[in-house]
Amino acid sequence: MAPTTQHCHVISNGTHKNGGAAVVVPAAVETEAAAPSSCAHLLDAGEFRRQGHQVIDFIADYYSRMGDYPVHPSVTPGFLRRQLPADAPRRPEPGAFAAALRDVRDLILPGMTHWQSPRHFAHFPASSSTVGALGEALAAGINAVPFTWSASPAATELEMVVVDWLGKALHLPESLLFCGGGGGTVLGTSCEAILCALVAARDRKLAEVGAGRIGDLVVYCSDQTHFAFRKAAHIAGIRRENCRAIATRRDDMFALSPAALRAAVEADVDAGLVPLFLCATIGTTQTTAVDPIRELCAAAASAAAAHGGVWVHVDAAYAGSALVCPELRHVAAGVEAVDSFSMNAHKWLLANTDCCVLWVKRPPLLVAALGTEQEYILRDAAAEEDDGAVDYKDWSVTLTRRFRALKLWLVLRCYGVEGLREHVRAHVRMAAAFEGMVRADPRFEVVAARQFALVCFRLRSPGPGKKASRENELNRRLLQEVNRNNGGSGAPYMSGAMADGVYMLRCAVGSTLTEERHVREAWKVVQARAASILRETYY
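To start, this report covers the structure provided alongside it. (Residues numbered from 1 in each chain as written. Predicted model: local features only at pLDDT ≥ 70, side-chain atom pairs only at ≥ 80, totals over all residues. Heavy atoms only, no water.)

**Quick notes on the side chain of T156**
Line of reasoning, step 1. Considering the arrangement of structural elements, one finds T156 in helix α4 (residues 153–169).
Line of reasoning, step 2. In contact with T156, not counting residues within four places along its chain, are P146, T148, W149, V390 and Y392. (Helix = DSSP H or I, 4+ residues; strand = E, 2+ residues; numbered from the N terminus. Contact = heavy atoms within 4.5 Å.)

**Points about the pattern of salt bridges**
Line of reasoning, step 1. For the coordinates displayed, the defined rule picks out 33 salt bridges.
Line of reasoning, step 2. Taking the shortest distance from any N to any O, the salt bridge between R202 and D203 comes out at 2.9 Å.
Line of reasoning, step 3. By relative accessible area, D203 is classed as partly exposed at 29%.
Line of reasoning, step 4. Here E422 makes a salt bridge to R429, at a shortest N to O gap of 2.7 Å.
Line of reasoning, step 5. On the basis of relative accessible area, E422 is assigned to the partly exposed category, the value being 39%.
Line of reasoning, step 6. Judged by its relative accessible area of 46%, R429 falls in the partly exposed class.
Line of reasoning, step 7. Through salt bridges with shared partners, a single ionic network connects E136, D354, R402, R404 and K407. (Salt bridge = Lys/Arg side-chain N within 4 Å of Asp/Glu carboxyl O. Buried < 20%, exposed > 50% of the residue type's maximum accessible area, 1.4 Å probe, protein only.)

**Concerning unusual backbone geometry**
Line of reasoning, step 1. Here the residue pair T353 and D354 is connected by a cis peptide bond, since its omega of 0 degrees sits within 30 degrees of zero.
Line of reasoning, step 2. In this structure, D354 sits in the loop between α9 (345–348) and β9 (356–360).
Line of reasoning, step 3. Here the phi dihedral of H171 falls at roughly 60 degrees; this positive angle occurs in a residue that is not glycine.
Line of reasoning, step 4. Accessibility expressed as a relative area gives 48% for H171, which makes it partly exposed.

**Points about the nonpolar core**
Line of reasoning, step 1. Grouped together as the largest cluster of nonpolar side chains are 106 residues, with contacts concentrated most on I282, F341, W359, L408, F457 and M494.
Line of reasoning, step 2. At 14 residues, helix α12 (residues 404–440) tops the list of elements feeding residues into this core.
Line of reasoning, step 3. With residues near it in sequence (within four places) discarded, F341 still touches L172, L176, I282, H313, V314, A316, L323, V335, V357, L358 and W359.
Line of reasoning, step 4. In this structure, V199, A200, I238 and C243 belong to the second largest nonpolar core, which totals 35 residues. (Core = buried A, V, L, I, M, F, W, Y, C linked by side-chain atoms within 4.5 Å.)

Structure, rendered in structure tokens:
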């Protein structure tokens, strides 16, 4: 981040109003002129520069003091609504911008979960960087709406360039890139990406079997697939009972079995249904399981051959970023056979939320499903004369869209592929160290072998007759204790998951600010809480 300033403030005479130790937070500039009344001043360059400096100082101070915040606030529902007025101000107060920043500091930040905290281990990261944040600001300042090539030619073409840049960095097959006949787009989230691919697959299939058979379409995933897929299927008109969530097993590292998929598809074909879509995952949310892409593609193609096969989409929202590292690319073996692929650059590649990239092998299928007839006002003679012009409104659900490509381009240009590799590798190393500490303590076990930067572990029950329910309850209690004292700024924040009847704790290393010391300190907290629970329960 930018060099920090010394604008600081201590809340509540040494006691944080939401519990815990005193927290030093950034302060806004305390004085400013009354807000201008003329619309001519709403984008005044001088005012923008002055207020912009306040915001940059505020954010820089926030990052420099991030370690002083409890990761998760000790608040109850309604805490903020009770402190803010019921109605918006009719007219701005004098010094409205500085007053608003003070409210961010005093009211909003104390009630936030600090996703950029170095001790946030509960979720996959929402990664941040100086360039990512400033790229977001730059895109917001330009405020273009690049829904067609004509609406913003440079924005459209930069997006085409940057998705190929990233695809090559991830070693995706050329068939998914513009340079190989495919193409990509920058969306907000994987939820959007999955929905777009699913709608394209649905319309292609209905063109073959008839629109009246939409109720016969069946989609496939594992019981570890993110719920966004089932939500997308529902939105796309797939009957809930036609979404096959195939069970996985701990013995298979929670990966989707090609044999089980083949059996499910064959059973549906025999029942007169129409197999449509498979959502495979590289890096599931609960355990970062990796579905075997090559084998799943082969199983789906052969089982559904009579119905023209199924569309295979790979959701690599989290772990897709890891493909920048040559030593991790084996997890995508067989990806050349898929129809579409998506990943979130905002999760691990420093692009700041939101930034999801979707690549498709056959863009015309996406356009056929999502395209709109251009109104006269959107037409441009240059674009109509060139078949290579892309109108990105026809590649997604939304028409209005943000200039996200600018941020991603800046991140790739300023950090380079090698810089991104080192960022990912640093987190993988720290997670490997945490995994080693877990394995070295006989009281604990690793539930699923670590593949990226997530460690899934649990406390063993020392009592006789180790019933699953007893061990699960023991680990639920452990998680509560680990997260309980988050009023203190040094406490870690972790999450839990249930897979194949096994409850486990999740430690996801991924914050840009996380260092090895934070990982070691987090493990010491886990050990201390576990020792206390075992003493109270068994001794």
